[in-house]
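Understanding the architecture of this molecule
The primary structure of each chain is shown beneath.
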Amino acid sequence: MQFLERLDKGIDAFLKYFTGVLMVLLTVIVCVMVISRYVFRIQLGGVEELPVYFMCVCIWLGGVRVSRNDAHVKIEIIYSLIKNPRGQDALRMLTTLASALVLTYFCRSAWQLVSRTYAAGTISSSIGFPLWIAYSFELIGTVGMTIYTYINTVKYALRVVKGK
């Protein structure tokens, strides 16, 4: 169990710092693009694609962190209609289970996207970057969100069973 806890903390730390570095790079690239375009009147060619890819990677990997902390957007008014804490946990368990099932299906779709773009050899239009690499972060993010959503479902189920 300690191994899983350390793995969980390690993944979270990696995601935090990796997405942080990507956001810094994204900011630097956008600033350089603006200065080169409007001050020096020079286009940077395919570099304009990078901020889009970096932002997508940050969103998908950030989704893993949000799922880990069970901090996604929720409609709290529904939970406030149920006064019993155990009933609230039961409802949360059902909603996270539904989310986990949808994410499981989406994992399959993300896998198909990655494998099809890899097989087709699809590249980006400007810099010729293999798109399966960019799409892999969608798959990684979806798998991470799915795992943590199932974990959260189990946590709510245990709270329902224990009555806490």
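Heads up: the structure comes first, above all this text.
The following paragraphs examine the structure supplied in this document. (Residues numbered from 1 in each chain as written. Predicted model: local features only at pLDDT ≥ 70, side-chain atom pairs only at ≥ 80, totals over all residues. Heavy atoms only, no water.)

**Observations regarding the overall build of the chain**
Helix and strand counts for the chain stand at five helices and zero strands. Listing every helix and strand of the chain by position from the N terminus yields α-α-α-α-α. Taken against the 2.2 N^0.38 rule, which gives 15 Å for 164 residues, the C-alpha radius of gyration of the chain at 20 Å runs more than 25% over that of a compact globule. In the chain, which comprises 164 residues, the proportion classed as buried is 29%. (Helix = DSSP H or I, 4+ residues; strand = E, 2+ residues; numbered from the N terminus. Rg over C-alpha atoms; globule rule 2.2 N^0.38 Å. Buried < 20%, exposed > 50% of the residue type's maximum accessible area, 1.4 Å probe, protein only.)

**Focus on the environment of Gly45**
With respect to the helices and strands, Gly45 occurs in the loop between α1 (2-38) and α2 (49-68). Note on Gly45: relative accessible area 39%, which makes it partly exposed. Taking C-alpha positions, Gly45 is 38 Å from Val73, a pair spaced 28 residues apart along the chain.

**Concerning the pattern of salt bridges**
Under the definition given, this model contains five salt bridges. Between Glu48 and Arg37 there is a salt bridge, with its nearest N and O atoms 3.3 Å apart. Placement of Glu48 in the loop between α1 and α2 and of Arg37 in helix α1 is noted, with a sequence separation of 11 residues between them. Since its relative accessible area comes to 27%, Glu48 is described here as partly exposed. The exposure class of Arg37 is partly exposed, given its relative accessible area of 30%. The network of salt bridges with shared partners includes Asp8, Asp12, Arg65 and Arg68. (Salt bridge = Lys/Arg side-chain N within 4 Å of Asp/Glu carboxyl O.)

**Describing the packing of aromatic side chains**
Applying the stated criterion to the full structure yields five aromatic pairs. Taking 5.3 Å as the distance between ring centres and 15 degrees as the angle between the ring planes, the aromatic pair formed by Phe14 and Phe18 counts as stacked. Pair noted here: Phe14 and Phe18 are both in helix α1, with a separation of four residues, about one helical turn. The class of Phe14 is exposed, set by a relative accessible area of 52%. When its relative accessible area of 28% is taken as the criterion, Phe18 is described as partly exposed. Note on Tyr53 and Phe129: the rings are 5.8 Å apart at their centroids and 35 degrees apart in plane angle, and the pair reads as tilted. Taken together, the positions of Tyr53 in helix α2 and Phe129 in the loop between α4 (85-120) and α5 (131-162) put the pair 76 residues apart, joining distant regions of the chain. Relative accessible area serves as the criterion here: at 28%, Phe129 is assigned to the partly exposed category. (Phe/Tyr/Trp six-rings, centres within 6.5 Å; stacked < 30°, edge-to-face > 60°.)

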